[in-house]
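# Survey of secondary and tertiary structure
If you want the building blocks of each chain, they are given just below.
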Amino acid sequence: MQGTKPYDISKNVVYEAYKSVKANKGTYGIDEISIEEFEINLKDNLYKIWNRMSSGTYFPKPVRAVAIPKKNGGTRILGIPTVEDRIAQMVAKMYLEPSVEPIFYADSYGYRPNKSMKEALGATRERCWRSNYVLEFDIKGLFDNIRHDYLMILVKRHAKHDWIVLYIERWLKAPFQMQDNSIVPRTAGTPQGGVISPLLANLFLHYAFDDFMEKEFPSIRWARYADDGVTHCVSLKQAKYLLKRLDERFKRCGLELNLEKTKIAYCKDADRKDNYDNMSFDFLGYTFRPRHAKNKYGKFFTNFLPAMSDKAKKAVRKEVKIWKLQLKSDKSLDDIAAMFNSKIQGWINHYTYFYKSEIYGVMRYINSCLVRWARRKFKKLKSRTRAEQWLGDIAKRDRNLFAHWKIGILPTAG
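Residues numbered from 1 in each chain as written. Predicted model: local features only at pLDDT ≥ 70, side-chain atom pairs only at ≥ 80, totals over all residues. Heavy atoms only, no water.

## Considerations on the sheet that holds strand β10 (residues 286-294)
With antiparallel pairing, the three strands of this open sheet are ordered in space as β9-β10-β11. Here the strands that pair on one side only, and so sit at the sheet edges, are β9 (281-283) and β11 (300-308). Taking the axes of each pair of neighbouring strands and ignoring which way they run, one obtains an average angle of 50° across the sheet. In terms of strand pairing, β9 meets β10 through three bridges, oriented antiparallel. Paired with F283 across the strands is Y286, a residue of β10. (Pairing = 2+ DSSP bridges. Helix = DSSP H or I, 4+ residues; strand = E, 2+ residues; numbered from the N terminus. Axes fitted to C-alpha atoms, helices over the stretch in contact; angles between N-to-C directions.)

## Description of the sheet that holds strand β6 (residues 221-225)
As summarised here, the arrangement of the four strands in space is β6-β7-β3-β8, forming an open sheet in which the pairing is antiparallel. This sheet does not close on itself; its edge strands, each paired only once, are β6 and β8 (263-266). Each strand of the sheet is rotated relative to its neighbour by a mean of 20°, with strand direction disregarded. Relative to strand β7 (residues 228-233), strand β3 (residues 133-138) is paired through six bridges, and the arrangement is antiparallel. Note on β7: the bridge partner recorded for L135 is T231. In the packing of helix α5 (residues 117-130) onto the sheet, the strands contacted are β3, β6 and β7, and the crossing angle to β6 comes to about 155°. The strands touched by helix α9 (residues 197-216) are β3, β6 and β7; relative to β6, the strand with the most contacts, the crossing angle is about 170°. (Contact = heavy atoms within 4.5 Å.)

## Quick notes on the pairing of β11
One ladder, built from nine bridges, connects β10 with β11; its direction is antiparallel. In the strand pairing of β11, A293 is matched with F301. Joining the antiparallel neighbours β10 and β11 is a turn of five residues, in which G298 adopts a positive phi near 85°.

## Focus: the pattern of salt bridges
Within the structure shown, the criterion is met by 21 salt bridges. When the shortest N-O distance is used, the salt bridge between K215 and D211 registers 2.6 Å. Of this pair, K215 and D211 are both found in helix α9, four residues apart, which corresponds to roughly one turn of the helix. K215 gets classed as exposed once you look at its relative accessible area, which sits at 61%. (Salt bridge = Lys/Arg side-chain N within 4 Å of Asp/Glu carboxyl O. Buried < 20%, exposed > 50% of the residue type's maximum accessible area, 1.4 Å probe, protein only.)

Okay, structure coming up:
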């Protein structure tokens with residue numbers, strides 16, 4: 001019986017946790033068991049997780065280390081737990097989140113229920129119109145460097161169940177298994193790729209940054225999405241002072257500002273007459289800078305606005321290039337749409353919140369790749385103009401086939 005176990009964990013929560021992990025998809029861990037393989041003996045496997053967690057005998061497996069390329073070059077290590085460990089982490093998250101959510105501030109947007117990037121970008125856009133300077137900060141390797149001792153003090157402060165503390169400590173200490181199968185111990189950080197890691201990072205940064213800002217600088221508005229943040233200052237002097245204080249604050253918390261990515265920007269627009277050597281900053285894939293805008297009377301003026309960043313455009317083009325569409329001549333157009341449409345739709349969803357025309361060039365690049373595919377697949381379409389004409393006719397007949405066709409970015413001849 002459930003009541004005889006040392007820890008009272010609901011079987012229903014374990015089942016709900018499995019459903020969430022399945023919905024999030026994700027790959028296998030070191031045991032190479034996928035979610036589909038896990039489901040073959042679903043009832044037994046879920047029972048084993050519940051039984052081990054509620055009896056205190058649950059120990060996580062090492063985390064599979066996967067190197068992921070960064071947008072600006074280099075790699076970062078993602079830690080992929082096994083399916084059963086992801087489900088166990090989701091159980092803990094479902095119990096811990098309701099205890100910490102009420103203490104979080106409204107301007108912490110990342111990985112929280114009913115919060116979004118769009119809200120963070122929208123709030124930042126409006127605040128740039130009211131404050132002259134922005135200090136945009138970036139934390140160096142947040143998920144790799146969070147101090148375990150500091151984090152566990154906070155977990156103990158807010159967790160309502162002893163088993164949450166026990167298992168979070170075990171997850172933090174679970175070593176990496178590298179691609180050559182070597183085992184690397186972990187003494188800091190909470191791996192990117194872990195289900196509970198974003199919640200733990202938010203809890204840590206709530207005290208390291210959010211609460212610090214509210215208490216020490218109550219007049220300065222800020223927005224944070226995981227380890228990316230912006231603050232709005234009235235003057236250059238205030239921004240420089242805040243940078244100094246944040247540098248000291250993060251060091252005290254065992255973290256470090258990435259000074260290459262941390263910068264002060266002047267929010268130049270038609271009404272602001274000063275100049276500063278930097279008048280743009282990036283936040284969540286958008287570049288905020290002076291741009292032409294039209295007022296309600298049809299008159300153009302300069303406003304400080306966000307649009308898809310050049311770095312984001314470059315990253316999207318790079319990913320599309322990796323697809324090698326032109327080599328998939330064994331696939332039909334419907335197959336290609338099925339393979340890549342959800343990704344294209346995701347980009348459109350994120351990069352058309354503001355100044356949506358900035359994504360059009362990238363979407364046209366996808367069309368040019370589809371034209372190259374058509375020219376390789378069909379002998380009669382060797383000419384680029386004929387391939388563009390053929391693809392354009394299909395797009396006019398069936399705009400719903402590709403997400404970017406729906407928003408009017410059709411292949412055109414010429």
